[in-house]
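One-letter residues, chain by chain:
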Amino acid sequence: QVQLVESGGGSVQAGGSLRLSCAASGYTYVSKCMGWFRQAPGQEREGVAAIYTGRGNTYYADSVKGRFTISQAGARNTVYLQMNSLKPDDTAMYYCAIGVPSWYDCASGSWSAHMRADFGYWGQGTQVTVSS
């Protein structure tokens, strides 16, 4: 069974930092598109960042570019999201997911309109709350 577990969420003041971790298991650890997504209450889920493991190609939503960094440390099944200069608008439940996009599509963000189809495995999420 494929499982993804997120951790590292919490409550911080605006301008603070958090680092989220995603550990995946239960699948063959070859290069995949792994992404971070977020969803606020009553809002649709949106893509935040993605990385094609192994190659390291990355994607960032315009709203987080320059503030967030997605990375892979060691094994292809582990990714992090370093979140700096946090804003209240960043408040959401953050999810990690594994998808099928190619390295090029993963880095381009072309999957953003159909993330449910392109990302088949999701974690339970970790809450991030940013106060002003």
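Residues numbered from 1 in each chain as written. Predicted model: local features only at pLDDT ≥ 70, side-chain atom pairs only at ≥ 80, totals over all residues. Heavy atoms only, no water.

## Observations regarding the state of the cysteines
In protein chemistry, a disulfide is the covalent bond that joins the sulfur atoms of two cysteines. Note the threshold: Criterion for a disulfide: a pair of cysteine sulfur atoms at a distance within 2.5 Å. By the criteria applied, helices consist of DSSP H or I runs no shorter than four residues and strands consist of E runs no shorter than two, each listed in order from the N terminus. Only protein chains enter the accessibility calculation, which uses a 1.4 Å probe; a residue whose area is less than 20% of its type maximum is buried, one above 50% is exposed, and one in between is partly exposed.
A complete count under the given rule lists two disulfides for this structure. In this model Cys-22 forms its disulfide with Cys-96; the gap between the sulfur atoms is 2.0 Å. The S-S bond linking Cys-22 to Cys-96 shows a torsion near -80°; that makes this disulfide left-handed. With a gap of 74 residues between them, Cys-22 in strand S3 (residues 18–25) and Cys-96 in strand S9 (residues 92–99) connect regions that are remote in the sequence. In this pair, the class of Cys-22 matches that of Cys-96, namely buried.

## A closer look at the packing of aromatic side chains
Convention followed: Pairing of aromatic rings covers Phe, Tyr and Trp, the last through its six-membered ring, and needs centres within 6.5 Å; plane angles under 30 degrees mean stacked, over 60 mean edge-to-face, and all others mean tilted. A ring has a charge above it when a Lys NZ or an Arg CZ is no more than 6 Å from the ring centre and no more than 35 degrees off the ring normal.
Counting across every chain of the model gives seven aromatic pairs. Pairing Tyr-59 with Trp-111 gives two aromatic rings, centres 5.2 Å apart and planes at 75°, and the pair type is edge-to-face. Of this pair, Tyr-59 sits in strand S6 (residues 57–60) while Trp-111 sits in the loop between helix H1 (103–108) and helix H2 (115–118), and the two are 52 residues apart along the sequence. Each member of the pair Tyr-59 and Trp-111 is classed as buried. Ring pairs connect the aromatic residues Phe-37, Tyr-59, Trp-111, Phe-119 and Trp-122, which therefore count as one cluster. If you follow Arg-45 out to its NZ or CZ, it ends over the ring of Tyr-95, 4.0 Å from the centre.

## Section: the nonpolar core
What tends to happen in soluble globular proteins is that the nonpolar side chains get buried as a cluster. Under the convention used in this document: What makes a nonpolar core is a set of buried Ala, Val, Leu, Ile, Met, Phe, Trp, Tyr and Cys residues whose side-chain atoms join them at distances within 4.5 Å. A contact between two residues is defined here by any heavy atoms of the two lying within 4.5 Å.
In terms of nonpolar packing, the biggest core is built from 37 residues, with Met-34, Trp-36, Val-48, Phe-68, Leu-81, Met-83 and Tyr-94 touching the most fellow members. Secondary-structure elements contributing two or more residues to this core are S3, strand S4 (33–39), strand S5 (46–52), S6, strand S7 (68–72), strand S8 (78–83), S9 and strand S11 (126–131). Discounting residues that sit within four places of it in the chain, Met-83 has contacts with Gly-16, Ser-17, Leu-18, Leu-20, Arg-67, Phe-68, Tyr-94 and Val-128.

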